[in-house]
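Listed below are the residues making up each chain.
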Amino acid sequence: MGKKNVGIIGCGNISAAYMKNIPTFTHLQLVACADIDLDRARARAEEFNIPHAYTVLELLNDPQIDIVINLTIPAAHADVCIQILEAGKHAYVEKPLAVTREEGLKILEVARRKELLVGSAPDTFLGGGIQTCVKLIQDGWIGTPIAATAFMMSKGHEHWHPDPEFYYAKGGGPMFDMGPYYLTALVAMLGPIRRVTGSTGVSFPERTITSEKKRGQVIKVDTPTHLAGVLDFHNGAIATLVTSFDIMGGTQLPNIEIYGSHGSLRVPDPNTFGGQVLIRKHGSDWEPVPLSHGYTENSRGLGVAAMAQALLSGDPKTHRANGELTYHVLEAMHGFHDASELGTHYVMQSSCEKPLPLVPNAVL
(Lines give C-alpha, C1' and ligand atoms only; values in the text may rest on other atoms or scores of the structure.)
Protein backbone atom coordinates (compact mmCIF):
# COMPACT_ATOMS: atom_id res chain seq x y z
CA MET A 1 0.00 0.00 0.00
CA GLY A 2 2.98 2.31 0.34
CA LYS A 3 3.77 4.97 2.92
CA LYS A 4 2.71 8.51 3.77
CA ASN A 5 5.38 11.05 4.68
CA VAL A 6 4.91 12.70 8.06
CA GLY A 7 6.15 15.97 9.53
CA ILE A 8 5.82 17.07 13.15
CA ILE A 9 5.28 20.65 14.33
CA GLY A 10 6.16 21.10 18.00
CA CYS A 11 9.20 19.42 19.53
CA GLY A 12 8.27 19.64 23.21
CA ASN A 13 7.71 17.03 25.90
CA ILE A 14 5.20 14.79 24.05
CA SER A 15 7.06 14.77 20.72
CA ALA A 16 9.54 12.09 21.78
CA ALA A 17 6.85 9.40 21.94
CA TYR A 18 5.60 10.24 18.45
CA MET A 19 9.11 10.44 17.01
CA LYS A 20 9.99 7.07 18.48
CA ASN A 21 6.80 5.36 17.36
CA ILE A 22 6.06 6.78 13.89
CA PRO A 23 8.83 4.79 12.14
CA THR A 24 7.43 1.54 13.60
CA PHE A 25 4.11 1.83 11.73
CA THR A 26 3.80 0.13 8.35
CA HIS A 27 2.45 3.08 6.37
CA LEU A 28 4.24 6.05 7.97
CA GLN A 29 7.62 7.64 7.33
CA LEU A 30 8.84 10.51 9.52
CA VAL A 31 10.73 12.95 7.31
CA ALA A 32 10.80 16.29 9.15
CA CYS A 33 10.18 18.16 12.39
CA ALA A 34 9.76 21.85 13.15
CA ASP A 35 9.49 24.18 16.13
CA ILE A 36 9.38 27.91 16.77
CA ASP A 37 12.72 27.22 18.48
CA LEU A 38 14.79 25.89 15.58
CA ASP A 39 17.52 24.65 17.92
CA ARG A 40 14.97 22.45 19.66
CA ALA A 41 13.89 21.02 16.31
CA ARG A 42 17.51 20.34 15.37
CA ALA A 43 18.10 18.57 18.67
CA ARG A 44 15.07 16.33 18.17
CA ALA A 45 16.05 15.62 14.56
CA GLU A 46 19.49 14.50 15.69
CA GLU A 47 18.09 12.46 18.59
CA PHE A 48 15.62 10.54 16.42
CA ASN A 49 17.49 10.52 13.11
CA ILE A 50 14.89 12.68 11.36
CA PRO A 51 16.13 13.88 7.94
CA HIS A 52 15.01 17.53 8.19
CA ALA A 53 14.78 20.10 10.99
CA TYR A 54 12.68 22.98 9.71
CA THR A 55 11.05 26.22 10.66
CA VAL A 56 7.26 25.85 10.67
CA LEU A 57 6.95 27.62 7.33
CA GLU A 58 9.63 25.44 5.75
CA LEU A 59 7.81 22.29 6.86
CA LEU A 60 4.47 23.52 5.53
CA ASN A 61 6.08 24.35 2.20
CA ASP A 62 7.78 20.95 1.78
CA PRO A 63 5.84 19.19 -1.02
CA GLN A 64 6.94 15.70 0.03
CA ILE A 65 5.04 15.85 3.35
CA ASP A 66 1.53 14.35 3.29
CA ILE A 67 0.48 14.44 6.97
CA VAL A 68 1.49 16.95 9.63
CA ILE A 69 1.19 16.13 13.34
CA ASN A 70 0.48 19.26 15.41
CA LEU A 71 2.02 19.01 18.89
CA THR A 72 1.79 22.68 19.84
CA ILE A 73 0.13 23.92 23.05
CA PRO A 74 -3.71 23.78 23.07
CA ALA A 75 -4.13 27.52 22.51
CA ALA A 76 -2.31 27.15 19.16
CA HIS A 77 -4.02 23.93 18.00
CA ALA A 78 -6.65 25.57 15.81
CA ASP A 79 -4.40 28.16 14.13
CA VAL A 80 -1.71 25.59 13.34
CA CYS A 81 -4.21 22.98 12.11
CA ILE A 82 -5.74 25.52 9.76
CA GLN A 83 -2.27 26.48 8.48
CA ILE A 84 -1.55 22.79 7.83
CA LEU A 85 -4.82 22.28 5.95
CA GLU A 86 -4.43 25.50 3.95
CA ALA A 87 -0.97 24.23 2.94
CA GLY A 88 -2.72 21.20 1.39
CA LYS A 89 -1.68 18.64 4.00
CA HIS A 90 -3.72 16.33 6.22
CA ALA A 91 -3.69 17.40 9.87
CA TYR A 92 -3.49 15.33 13.05
CA VAL A 93 -3.36 17.21 16.35
CA GLU A 94 -2.75 16.37 19.98
CA LYS A 95 -5.83 16.65 22.17
CA PRO A 96 -7.95 18.63 22.42
CA LEU A 97 -8.88 19.32 18.81
CA ALA A 98 -9.16 23.03 19.68
CA VAL A 99 -9.83 25.23 22.70
CA THR A 100 -13.29 26.45 21.61
CA ARG A 101 -16.16 24.86 19.70
CA GLU A 102 -16.00 27.67 17.16
CA GLU A 103 -12.34 26.87 16.46
CA GLY A 104 -13.12 23.16 16.21
CA LEU A 105 -15.90 23.76 13.68
CA LYS A 106 -13.59 26.03 11.67
CA ILE A 107 -10.99 23.24 11.45
CA LEU A 108 -13.63 20.80 10.18
CA GLU A 109 -14.94 23.35 7.67
CA VAL A 110 -11.48 24.02 6.23
CA ALA A 111 -10.78 20.28 6.01
CA ARG A 112 -14.04 19.73 4.07
CA ARG A 113 -13.33 22.65 1.76
CA LYS A 114 -9.80 21.43 1.06
CA GLU A 115 -10.96 17.77 0.83
CA LEU A 116 -8.40 16.76 3.44
CA LEU A 117 -8.53 14.58 6.53
CA VAL A 118 -8.25 15.93 10.04
CA GLY A 119 -7.76 13.82 13.15
CA SER A 120 -6.88 14.22 16.78
CA ALA A 121 -5.55 12.38 19.77
CA PRO A 122 -6.21 10.51 21.87
CA ASP A 123 -5.67 7.29 19.97
CA THR A 124 -5.32 5.19 23.12
CA PHE A 125 -8.79 3.78 22.42
CA LEU A 126 -7.21 1.89 19.52
CA GLY A 127 -4.87 0.05 21.90
CA GLY A 128 -5.36 -3.54 22.97
CA GLY A 129 -7.01 -2.66 26.29
CA ILE A 130 -9.94 -0.57 25.05
CA GLN A 131 -10.31 -2.56 21.81
CA THR A 132 -10.70 -5.75 23.88
CA CYS A 133 -13.49 -4.01 25.82
CA VAL A 134 -15.13 -2.85 22.58
CA LYS A 135 -15.13 -6.45 21.34
CA LEU A 136 -16.51 -7.84 24.61
CA ILE A 137 -19.41 -5.38 24.52
CA GLN A 138 -19.98 -5.98 20.80
CA ASP A 139 -20.03 -9.76 21.36
CA GLY A 140 -22.61 -9.45 24.15
CA TRP A 141 -20.52 -10.50 27.15
CA ILE A 142 -22.23 -8.03 29.50
CA GLY A 143 -25.55 -7.82 27.64
CA THR A 144 -27.04 -4.42 26.86
CA PRO A 145 -24.95 -1.53 28.25
CA ILE A 146 -26.99 0.33 30.87
CA ALA A 147 -24.57 2.59 32.72
CA ALA A 148 -20.93 3.54 33.23
CA THR A 149 -18.70 5.27 35.75
CA ALA A 150 -15.38 6.98 35.00
CA PHE A 151 -12.92 8.67 37.34
CA MET A 152 -9.75 10.67 36.69
CA MET A 153 -8.62 11.80 40.14
CA SER A 154 -5.21 13.41 40.65
CA LYS A 155 -3.43 16.12 42.63
CA GLY A 156 -2.37 18.19 39.62
CA HIS A 157 0.52 18.51 37.20
CA GLU A 158 2.52 21.10 39.13
CA HIS A 159 3.93 18.21 41.17
CA TRP A 160 5.76 16.59 38.23
CA HIS A 161 5.47 18.47 34.91
CA PRO A 162 8.40 20.78 34.00
CA ASP A 163 6.04 23.40 32.49
CA PRO A 164 2.65 22.98 34.19
CA GLU A 165 1.26 26.51 33.74
CA PHE A 166 -0.96 25.82 30.72
CA TYR A 167 -2.83 23.06 32.59
CA TYR A 168 -4.38 25.82 34.72
CA ALA A 169 -5.07 28.29 31.90
CA LYS A 170 -8.15 28.50 29.68
CA GLY A 171 -8.28 25.32 27.62
CA GLY A 172 -6.56 23.37 30.40
CA GLY A 173 -7.92 21.84 33.58
CA PRO A 174 -8.62 18.15 34.21
CA MET A 175 -11.50 17.94 31.73
CA PHE A 176 -9.63 19.41 28.78
CA ASP A 177 -6.39 17.62 29.73
CA MET A 178 -7.64 14.13 30.59
CA GLY A 179 -11.31 14.22 29.65
CA PRO A 180 -10.55 13.43 25.98
CA TYR A 181 -9.12 10.02 26.97
CA TYR A 182 -12.19 9.10 29.01
CA LEU A 183 -14.83 10.54 26.69
CA THR A 184 -13.25 9.04 23.57
CA ALA A 185 -13.07 5.62 25.23
CA LEU A 186 -16.72 5.90 26.32
CA VAL A 187 -17.84 6.88 22.81
CA ALA A 188 -15.79 4.02 21.33
CA MET A 189 -17.64 1.58 23.62
CA LEU A 190 -21.11 3.16 23.88
CA GLY A 191 -21.48 5.40 20.83
CA PRO A 192 -22.32 9.12 20.58
CA ILE A 193 -23.57 11.33 23.43
CA ARG A 194 -27.08 12.84 23.49
CA ARG A 195 -26.76 15.32 26.37
CA VAL A 196 -24.58 16.15 29.38
CA THR A 197 -24.80 18.03 32.66
CA GLY A 198 -22.27 18.80 35.36
CA SER A 199 -20.94 20.85 38.25
CA THR A 200 -17.48 22.45 38.33
CA GLY A 201 -15.31 24.10 40.94
CA VAL A 202 -11.89 25.59 41.72
CA SER A 203 -10.65 24.25 45.07
CA PHE A 204 -7.30 26.08 45.05
CA PRO A 205 -7.20 29.48 43.29
CA GLU A 206 -3.39 29.34 43.21
CA ARG A 207 -1.01 26.39 42.78
CA THR A 208 2.68 26.30 43.75
CA ILE A 209 5.00 24.41 41.43
CA THR A 210 6.98 21.71 43.25
CA SER A 211 8.62 20.09 40.21
CA GLU A 212 12.18 21.10 39.39
CA LYS A 213 13.11 23.93 37.05
CA LYS A 214 10.23 26.14 38.21
CA ARG A 215 9.98 25.04 41.85
CA GLY A 216 8.33 27.68 44.01
CA GLN A 217 6.62 29.61 41.21
CA VAL A 218 2.93 30.30 41.80
CA ILE A 219 0.29 29.66 39.14
CA LYS A 220 -3.03 31.51 39.08
CA VAL A 221 -5.83 29.05 38.26
CA ASP A 222 -8.10 30.28 35.44
CA THR A 223 -10.09 27.10 34.77
CA PRO A 224 -12.16 24.64 36.83
CA THR A 225 -10.04 21.98 38.50
CA HIS A 226 -12.84 19.65 39.64
CA LEU A 227 -15.77 18.55 37.48
CA ALA A 228 -18.53 16.03 38.16
CA GLY A 229 -20.59 15.21 35.09
CA VAL A 230 -23.43 13.00 33.84
CA LEU A 231 -23.75 11.81 30.25
CA ASP A 232 -26.80 10.40 28.44
CA PHE A 233 -25.86 8.35 25.38
CA HIS A 234 -28.04 7.83 22.32
CA ASN A 235 -28.12 4.09 23.07
CA GLY A 236 -29.80 4.78 26.42
CA ALA A 237 -26.78 4.27 28.69
CA ILE A 238 -26.12 6.83 31.43
CA ALA A 239 -22.57 7.53 32.64
CA THR A 240 -21.01 9.42 35.53
CA LEU A 241 -17.64 11.10 34.91
CA VAL A 242 -15.48 12.89 37.50
CA THR A 243 -12.21 14.60 36.54
CA SER A 244 -10.10 16.41 39.14
CA PHE A 245 -6.73 17.98 39.87
CA ASP A 246 -7.81 18.49 43.51
CA ILE A 247 -7.54 14.99 45.04
CA MET A 248 -4.49 15.33 47.26
CA GLY A 249 -4.93 12.05 49.14
CA GLY A 250 -5.34 9.70 46.20
CA THR A 251 -8.18 7.27 45.43
CA GLN A 252 -8.97 3.59 44.91
CA LEU A 253 -11.75 4.20 42.38
CA PRO A 254 -11.59 2.36 39.04
CA ASN A 255 -10.79 4.31 35.88
CA ILE A 256 -13.87 3.14 33.95
CA GLU A 257 -16.54 0.50 34.53
CA ILE A 258 -19.34 -0.41 32.11
CA TYR A 259 -22.49 -2.00 33.55
CA GLY A 260 -24.66 -4.19 31.35
CA SER A 261 -27.86 -6.20 31.67
CA HIS A 262 -25.85 -9.41 32.22
CA GLY A 263 -22.58 -8.28 33.80
CA SER A 264 -20.01 -5.60 34.43
CA LEU A 265 -16.76 -4.71 32.66
CA ARG A 266 -13.76 -2.99 34.23
CA VAL A 267 -11.89 -1.01 31.60
CA PRO A 268 -8.16 -0.18 31.90
CA ASP A 269 -6.79 3.35 32.21
CA PRO A 270 -7.79 5.09 28.93
CA ASN A 271 -4.52 7.03 29.04
CA THR A 272 -2.74 3.75 28.28
CA PHE A 273 -2.86 1.36 25.35
CA GLY A 274 -2.90 -1.91 27.33
CA GLY A 275 -3.82 -2.70 30.91
CA GLN A 276 -5.93 -5.36 32.60
CA VAL A 277 -9.52 -6.03 31.56
CA LEU A 278 -11.85 -7.59 34.13
CA ILE A 279 -15.37 -8.95 33.72
CA ARG A 280 -17.93 -9.95 36.33
CA LYS A 281 -21.11 -11.89 35.63
CA HIS A 282 -24.05 -12.12 38.03
CA GLY A 283 -23.14 -14.38 40.96
CA SER A 284 -19.43 -14.53 40.04
CA ASP A 285 -16.26 -12.73 41.07
CA TRP A 286 -14.20 -10.40 38.88
CA GLU A 287 -12.19 -12.43 36.37
CA PRO A 288 -9.35 -11.22 34.09
CA VAL A 289 -9.88 -11.39 30.34
CA PRO A 290 -6.89 -11.92 28.00
CA LEU A 291 -6.43 -9.00 25.60
CA SER A 292 -7.74 -9.83 22.16
CA HIS A 293 -5.87 -7.06 20.33
CA GLY A 294 -2.32 -5.85 19.92
CA TYR A 295 -0.77 -2.40 20.43
CA THR A 296 -0.65 -2.76 24.21
CA GLU A 297 2.50 -0.69 24.79
CA ASN A 298 2.82 3.07 24.29
CA SER A 299 1.69 3.38 20.67
CA ARG A 300 1.09 7.13 20.30
CA GLY A 301 0.71 7.75 16.60
CA LEU A 302 -1.66 4.83 16.09
CA GLY A 303 -4.37 7.28 15.04
CA VAL A 304 -2.00 8.76 12.44
CA ALA A 305 -1.29 5.25 11.14
CA ALA A 306 -5.04 4.66 10.79
CA MET A 307 -5.33 7.98 8.92
CA ALA A 308 -2.61 6.83 6.51
CA GLN A 309 -4.41 3.51 6.05
CA ALA A 310 -7.60 5.40 5.14
CA LEU A 311 -5.73 7.56 2.63
CA LEU A 312 -3.98 4.60 1.02
CA SER A 313 -7.02 2.28 0.96
CA GLY A 314 -9.63 4.88 0.07
CA ASP A 315 -11.84 3.66 2.95
CA PRO A 316 -12.72 6.65 5.17
CA LYS A 317 -14.12 4.44 7.95
CA THR A 318 -10.61 3.26 8.80
CA HIS A 319 -9.75 6.86 9.82
CA ARG A 320 -10.94 6.20 13.35
CA ALA A 321 -9.55 9.13 15.39
CA ASN A 322 -11.32 11.48 13.00
CA GLY A 323 -12.40 15.09 13.26
CA GLU A 324 -16.09 14.34 13.82
CA LEU A 325 -15.29 12.11 16.81
CA THR A 326 -12.84 14.55 18.33
CA TYR A 327 -15.16 17.54 17.80
CA HIS A 328 -17.99 15.58 19.48
CA VAL A 329 -15.69 15.07 22.48
CA LEU A 330 -14.70 18.76 22.46
CA GLU A 331 -18.35 19.82 22.44
CA ALA A 332 -19.16 17.49 25.34
CA MET A 333 -16.30 18.93 27.42
CA HIS A 334 -17.66 22.45 26.90
CA GLY A 335 -21.16 21.15 27.53
CA PHE A 336 -20.25 20.12 31.08
CA HIS A 337 -18.96 23.61 31.83
CA ASP A 338 -21.98 25.28 30.19
CA ALA A 339 -24.36 23.06 32.17
CA SER A 340 -22.64 23.97 35.43
CA GLU A 341 -22.81 27.70 34.70
CA LEU A 342 -26.44 27.62 33.53
CA GLY A 343 -27.79 24.98 35.91
CA THR A 344 -29.28 22.84 33.15
CA HIS A 345 -28.63 19.98 30.73
CA TYR A 346 -26.60 20.73 27.62
CA VAL A 347 -28.03 19.03 24.53
CA MET A 348 -25.32 18.00 22.08
CA GLN A 349 -25.46 19.67 18.68
CA SER A 350 -22.97 17.30 17.04
CA SER A 351 -22.84 13.56 16.64
CA CYS A 352 -20.37 11.06 15.21
CA GLU A 353 -20.10 7.49 14.07
CA LYS A 354 -19.00 4.96 16.65
CA PRO A 355 -15.36 4.33 15.61
CA LEU A 356 -14.84 1.24 13.49
CA PRO A 357 -13.27 -1.44 15.74
CA LEU A 358 -9.89 -2.87 14.86
CA VAL A 359 -9.71 -6.55 14.00
CA PRO A 360 -7.70 -8.54 16.55
CA ASN A 361 -4.71 -9.06 14.26
CA ALA A 362 -4.67 -5.56 12.80
CA VAL A 363 -1.29 -4.15 11.73
CA LEU A 364 -1.18 -0.43 11.03
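Residues numbered from 1 in each chain as written. Predicted model: local features only at pLDDT ≥ 70, side-chain atom pairs only at ≥ 80, totals over all residues. Heavy atoms only, no water.

## A short note on the overall build of the protein chain
Move 1: For the protein chain, the helix and strand inventory stands at nine helices and 17 strands.
Move 2: Expected size for 364 residues packed as a compact globule is a radius of gyration near 21 Å; at 20 Å, the protein chain falls within 12% of this value.
Move 3: Counting only C-alpha atoms and orienting by the principal axes, one finds that the protein chain spans roughly 60 × 50 × 35 Å.
Move 4: Going through the 364 residues of the protein chain one by one, you find that 56% of them count as buried.
Move 5: Sequence separation of 24 or more characterises 71% of the internal contacts of the protein chain that already satisfy a separation of 6 or more.
Move 6: Taken as a whole, the protein chain presents about 15,200 Å² of accessible surface, with 52% of it coming from carbon and sulfur.
Move 7: Between the averaged position of the 30 positive side-chain charges in the protein chain and that of its 37 negative side-chain charges there is a distance of 3 Å. (Helix = DSSP H or I, 4+ residues; strand = E, 2+ residues; numbered from the N terminus. Rg over C-alpha atoms; globule rule 2.2 N^0.38 Å. Buried < 20%, exposed > 50% of the residue type's maximum accessible area, 1.4 Å probe, protein only. Contact = heavy atoms within 4.5 Å. Areas by Shrake-Rupley, 256 points an atom, 1.4 Å probe, with all protein chains shown as cover. Lys, Arg positive; Asp, Glu negative; His and termini not counted. Charge placed at Lys NZ, Arg CZ, Asp CG, Glu CD.)

## Examining the environment of I36
Move 1: For I36, the position within the fold is in the loop between strand 2 (28-34) and helix 2 (38-48).
Move 2: Taking the C-alpha atoms as reference, I36 lies 15 Å from V68; in sequence the two are 32 residues apart.

## Re the nonpolar core
Move 1: In terms of nonpolar packing, the biggest core is built from 107 residues, with L183, M189, I258 and L265 touching the most fellow members.
Move 2: The element that contributes the greatest number of residues to this core is helix 7 (residues 173-190), accounting for 12 residues.
Move 3: Sequence-distant contacts of I258, that is, excluding residues within four places in its chain, are made with I137, I142, P145, A147, A148, L186, M189, L190, G263, S264, L265 and V267. (Core = buried A, V, L, I, M, F, W, Y, C linked by side-chain atoms within 4.5 Å.)

## A look at the sheet that holds strand 15 (residues 277-281)
Move 1: Spatially, nine strands are ordered 16-15-14-13-7-12-11-8-17 in an open sheet, and the strand pairing comes out mixed. Since the sheet does not close on itself, it has two edges, and those belong to strand 16 (287-289) and strand 17 (346-347), each with one partner.
Move 2: The pairing of strand 13 (residues 256-260) with strand 14 (residues 263-267) spans four bridges and is antiparallel. Bridge pairing in strand 14 places Y259 opposite S264.
Move 3: Relative to the sheet, helix 6 (residues 128-138) contacts strand 7 (145-153), strand 13, strand 14, strand 15 and strand 16, its axis offset from that of strand 14 by approximately 165 degrees.
Move 4: The strands touched by helix 7 within the sheet are strand 7, strand 8 (193-201), strand 11 (226-233), strand 12 (238-244), strand 13 and strand 14, with strand 7 carrying the most contacts at an inclination of about 160 degrees. (Pairing = 2+ DSSP bridges. Axes fitted to C-alpha atoms, helices over the stretch in contact; angles between N-to-C directions.)

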